[in-house]
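# Working through the structure, step by step
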Amino acid sequence: MTDLPKTYDPSAIEPAIYKLWLDANAFRANPADPGQPYSIVIPPPNVTGALHLGHAINNTLQDILTRVARMRGMNTLWVPGIDHAGIATQAVVEKQLKEKENKTRHDLGREALVARIWQWKEQYGDRIIEQLKRLGSSADFSRTRFTLDEGLARAVRQTFFKLFKDGLIYKGKRLVNWDIHLQTSISDDEIYHETVKTSLWHVKYPIAEDDLFSRGTGASPVAHGRGAHATVRPTHMVVATTRPETMLGDTAVAVHPDDPRWNWAIGKQVRLPLLNKLIPIIADPILVNMEFGSGVVKVTPAHDPNDYAVWQRQKGAIDIINILTSDGRINENGGPYAGLKRDAARKKVVEDLTAQGLLEKEEPYETQIGHSDRSKTAVEPYLSDQWFVKMAPLAEPALEVVRNNKIKFFPERHAQQYLSWLGEKRDWPISRQLWWGHRIPIWTKEIDASATAPIDSLQSQTIRGIQIIMRTVIDGDHGANYVCIPPGHPDIEKEFESQGFIQDPDVLDTWFSSALWPHSTLGWPDETPDLKKWYPTSVLVTGRDIITLWVARMVMTGLYNMGDIPFHHVAINPIILDGKGERMSKSKGNGVDPVEIIESYGADALRFTLTQMATETQDVRLPVKKLPDGRNTSDKFDSGRNFANKLWNASRFALANLAEIAPAAIDEKSWSIPDRWILSRLMRTIQEADAALSAYRFDLYAKACYDFFWRDLCDWYIEAIKPELKPGPRQSQVASILAATLDQALRLLHPMIPFITETIWGKLNEIRPIRGLEGRIDPAPSELLIKAQWPQFNDDLTSEGAEHVFTQLQNLIIAIRNIRNEYKVDQKTPITISISAPGDSGRQILANKSLIENLAICKLVDVSADLPAPPNSARGAASNCDLYAHNLIDSATQDQRLSKRREELIKQRAALKGRMTETYIAKAPPQLVKQTQDQLAEIEAELSRLS
């Protein structure tokens, strides 16, 4: 046997272990293999970026679930992949094009730009997969998918065709969020808001009434009627706005119908400043809050979502006018301001309003402005022709499967975000004005609509046995035939193009293709063995920020295409923030590169720390520290490295001893209290790990494993049996229990820290290939830990009695150690101890006398009931017993120490009582509740004795 190196060096073992798994095809999945299906699809990272800590925690948790399922004998598939990230990827390449060649996409043309982007993807796209491998991900990389792959593109085309055929896709002019920089629409979910300092401009809109206008546009009131009953009415209305340039697109001003200041003016007109045209005064109780400001609101339907809603409510009463071009300039509808960029137009409009005496005042103002998450620039509400999916028919079934718990969220509270968003059933704008992505499979031909009544008809045609769908729409003076062709028929596409049909230039929203991810990656629309075996998938692990963007849409399309849910569970992992609670980003300089953590700490240390952090909270904080070379790191990962070092060193000790001891038949009659205790604790840990994983409480899984290995196995059991590992009557028994326990611990830990456990497993196989406890722990041998059986709970090995007794002994040993530390007795010098112990406690202490003496470094000279305190003895209490350490102190010092101890116990009692709430008792595992109750009872007993 080659011993484990003295020092654990992850860089020396991780590449070799990963190659070992790959060579063994340990990640490969085959639908023909036996076992219950278990499958996960990766939330595909954007091809534009490297992995960050958000990806690292998400993929660590997926890998834990995948490895556990594989060890449980399930036919396990984890599908990796990458998203083409339409907007983000095109933006990156366009930026490079501008910086290096001073060209725009229009200089290159569509085909050349797309070719450039593919080149960029081939150059940089593989880095994410390599990073996943560095992390230890056990995905089946032979099945890696890209959202623009041929198979996935066919699934996208088929879904679009099906939706169009069912009348669920339509084209319409709608108000959308427009990214001026990238010149494309984006969804509501791709917007973030920032507080911006600006101004609030108060503008005068003259009321168009003959007797008013004959008197000018000043603020002087005008009398109507005669004598004392004359009514004084204003000559103008004042409108407050943060965007004065949009007044060029005003088509009305609105007041509240119940507002006595203005309801007399409903039906009249105002003269739009600067453009000098008349627009109506309308009533709209939804838009206008008469308690706020002047009670008058300008209505710009093409450039404000609230105003757009007014236009929808009052179609026919007011117009809708777009004043912007796609690049954010004022168009011909802006009159003399045409051609100006929006900021320049704002400045000019304010100057002209001031010059004409129409600006009443300007005041500082702060407001929330929507920004594109893609370009980081301010979003413009913009009237545009877009393709939409009707959400109502798709949303209702998707709502129902969550309401009836067919799909469950963990934590459960995240279901509300899903239900709230889907419940709005807002139609989904799916077109993007880009060149990189799935091009919309619609061919259009304009038709003469001048002498035709409005039409909207859907027809099916068959061409050479292939069904195509045509929609004819005539609305006012616009008419068009739209043809949708299923995938795989370029000849039919060319035939329509020869007839003057033109394919739509837009591409589909990236989320359209990723919405199909759970079934498109398994081969749909074909009836593949993969699809039959692994759909629906088992669980989706993702962040809360894409519950609406992605999770809800996958459920809708899964139900629509497959007639079944895409996954049974949705596990939401927390978002990692820096120590100040801010999101990590390169621009802020607070990002932590997971690969750099792997290079400094090792992948296992990274994975362990992130698993500990995967609590049920929404966010977790990771303090960031900058190194002299400019890299960021965090001391949080010390805990992972320390645990790996502990595992390595303890395993080296165990392996060195096991190599010298031959296996022997199990003799349970010879098992000691520590033996029975460690095996019982092992079973409890298996239970806790299983319960935590089934609830996706990864932090509790990590805690259960940590507590068992570090505290139970290393700090107590190994220390307890060290004398018995030397030649003697119990040597073979304790060696067998140590081997079996180490075996099971490695299995428990492997999904979380796979590299180090696989390495130790190989050495354990060399020296003790068979290491079960016959009839109690009977694991099948396995050359590789990744393919080994998951630990099985065996209730026969649980022992409340052994756990109770050993816990009492632990408390006594700790109390003796505390006395030693308090009185600064040298650690190697035994102290003399007497224990006053009632009945059964005394018998157990005597039966385990050598254990206490060994672990507490003491000489136990007397154990009996009602033992008086020896002179000058230091006193302690634990496990309903009084301890006396001989000849350490005088009585005055002892009284002072006992008083201090009493104060400590009172504080501990208060903390434990505070924990024992009704919620804790109802939800906490029973053994934890009982443990807390036992601790309270011991404290009460000790306080009673001290009193």
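Residues numbered from 1 in each chain as written. Predicted model: local features only at pLDDT ≥ 70, side-chain atom pairs only at ≥ 80, totals over all residues. Heavy atoms only, no water.

Looking now at the overall build of the chain. Each helix and strand in the chain was counted, giving 30 helices and 35 strands. When the backbone C-alpha atoms are referred to their principal axes, the chain occupies close to 115 × 80 × 55 Å. Buried positions account for 53% of the 947 residues belonging to the chain. The contacts of the chain with a sequence gap of at least 6 include a subset with a gap of at least 24, amounting to 77%. Split by element, the accessible area of the chain, about 41800 Å² in all, is 49% carbon and sulfur. In the chain, 113 side chains carry a positive charge and 119 a negative one; their mean positions are 2 Å apart. (Helix = DSSP H or I, 4+ residues; strand = E, 2+ residues; numbered from the N terminus. Buried < 20%, exposed > 50% of the residue type's maximum accessible area, 1.4 Å probe, protein only. Contact = heavy atoms within 4.5 Å. Areas by Shrake-Rupley, 256 points an atom, 1.4 Å probe, with all protein chains shown as cover. Lys, Arg positive; Asp, Glu negative; His and termini not counted. Charge placed at Lys NZ, Arg CZ, Asp CG, Glu CD.)

A few words on the environment of Tyr-382. As for its position among the elements, Tyr-382 is in strand β16 (residues 379–389). If near-sequence neighbours (up to four positions away) are discounted, Tyr-382 is found in contact with Arg-174, Leu-175, Val-176, Trp-178, Ala-302, Asn-322, Leu-324, Thr-325 and Ser-326.

Among all positions of helix α6 (residues 126–135), only Ile-128, Ile-129, Gln-131, Leu-132 and Leu-135 are buried. One face of α6 carries all of its buried residues, which in axial projection span an arc of 160°. (Arc of directions from axis to C-beta.)

This model, assessed by the stated rule, comprises 61 salt bridges. Across the salt bridge formed by Lys-171 and Asp-504, the nearest N and O atoms sit 3.8 Å from each other. Here Lys-171 is found in strand β5 (residues 169–179), whereas its partner Asp-504 is found in the loop between β24 (502–503) and β25 (507–508), with 333 residues between them in sequence. Exposure remark for Lys-171: the relative accessible area of 34% places this residue in the partly exposed category. For the salt bridge of Glu-766 with Lys-763, the shortest nitrogen-to-oxygen distance reads 3.9 Å. (Salt bridge = Lys/Arg side-chain N within 4 Å of Asp/Glu carboxyl O.)

Two elements in contact, helix α11 (residues 392–403) and helix α17 (residues 547–562), have axes whose closest approach is 9 Å; the angle formed by their N-to-C orientations is 105°. Viewed along their axes, α11 and α17 adopt a mutual orientation that is roughly perpendicular. Residues Leu-394, Ala-395, Pro-397, Ala-398 and Val-401 of α11 form the contact with α17, whose participating residues are Val-555, Met-556, Leu-559 and Tyr-560. Looking at the contact of α11 with α17 residue by residue, the class counts come to nine nonpolar, no polar and no charged. (Axes fitted to C-alpha atoms, helices over the stretch in contact; angles between N-to-C directions. Parallel < 35°, antiparallel > 145°, perpendicular 65-115°, else oblique. Nonpolar A, V, L, I, M, F, W, Y, C, P; charged D, E, K, R; others polar.)

An order of β33-β32-β35-β34 is seen for the four strands of this open sheet, with the pairing classed as mixed. Looking at strand neighbours, the two that pair on one side only are β33 (858–864) and β34 (874–878), the edges of this open sheet. Across the sheet, the mean angle separating the axes of adjacent strands is 25° when strand polarity is ignored. (Pairing = 2+ DSSP bridges.)

The next thing to look at is the packing of aromatic side chains. Going through the model one piece at a time under the given rule, you end up with 28 aromatic pairs. Consider the rings of Trp-178 and Tyr-382, whose centres lie 4.6 Å apart with planes at 40°: the pair is tilted. Here the residue Trp-178 occupies a position in strand β5, and Tyr-382 occupies one in strand β16, the gap between them amounting to 204 residues. Neither residue differs from the other here; Trp-178 and Tyr-382 are each classed as buried. The rings of Phe-608, Phe-643, Tyr-706, Phe-709 and Trp-710 are connected pair by pair, giving a single aromatic cluster. (Phe/Tyr/Trp six-rings, centres within 6.5 Å; stacked < 30°, edge-to-face > 60°.)

The next subject is the confidence of the model for the chain. On average, residues of the chain score 91 in pLDDT, and 97% of them are at 70 or above. When the criterion is pLDDT under 50, residues 211–230 qualifies, and its contacts beyond four places in sequence or with other chains add up to 33 contacts. (pLDDT = per-residue confidence, 0-100.)

Attention now moves to the side chain of Ser-879. Its place among the elements puts Ser-879 in the loop between β34 and β35 (881–885). For Ser-879, a relative accessible area of 4% gives the class buried. Separated by 2.8 Å, the side chain of Ser-879 and the backbone oxygen of Gln-808 make a polar contact. Dropping the residues within four chain positions of it, Ser-879 is found in contact with Thr-807, Gln-808, Asn-811, Leu-812 and Ser-841. (Polar contact = N/O pair within 3.5 Å; in protein donor to acceptor, adjacent residues only side chain to side chain.)

In terms of nonpolar packing, the biggest core is built from 213 residues, with Phe-160, Tyr-418, Leu-422 and Phe-709 touching the most fellow members. A per-element tally of this core places helix α22 (residues 698–721) first, with 14 residues. Leave out the neighbours within four places in its chain, and Tyr-418 touches Ala-398, Leu-399, Val-402, Phe-409, Ile-547, Val-551, Ala-552 and Val-555. Judged by nonpolar contacts, the second largest core, of 36 residues, contains Tyr-205, Val-296, Ile-323 and Leu-324. (Core = buried A, V, L, I, M, F, W, Y, C linked by side-chain atoms within 4.5 Å.)

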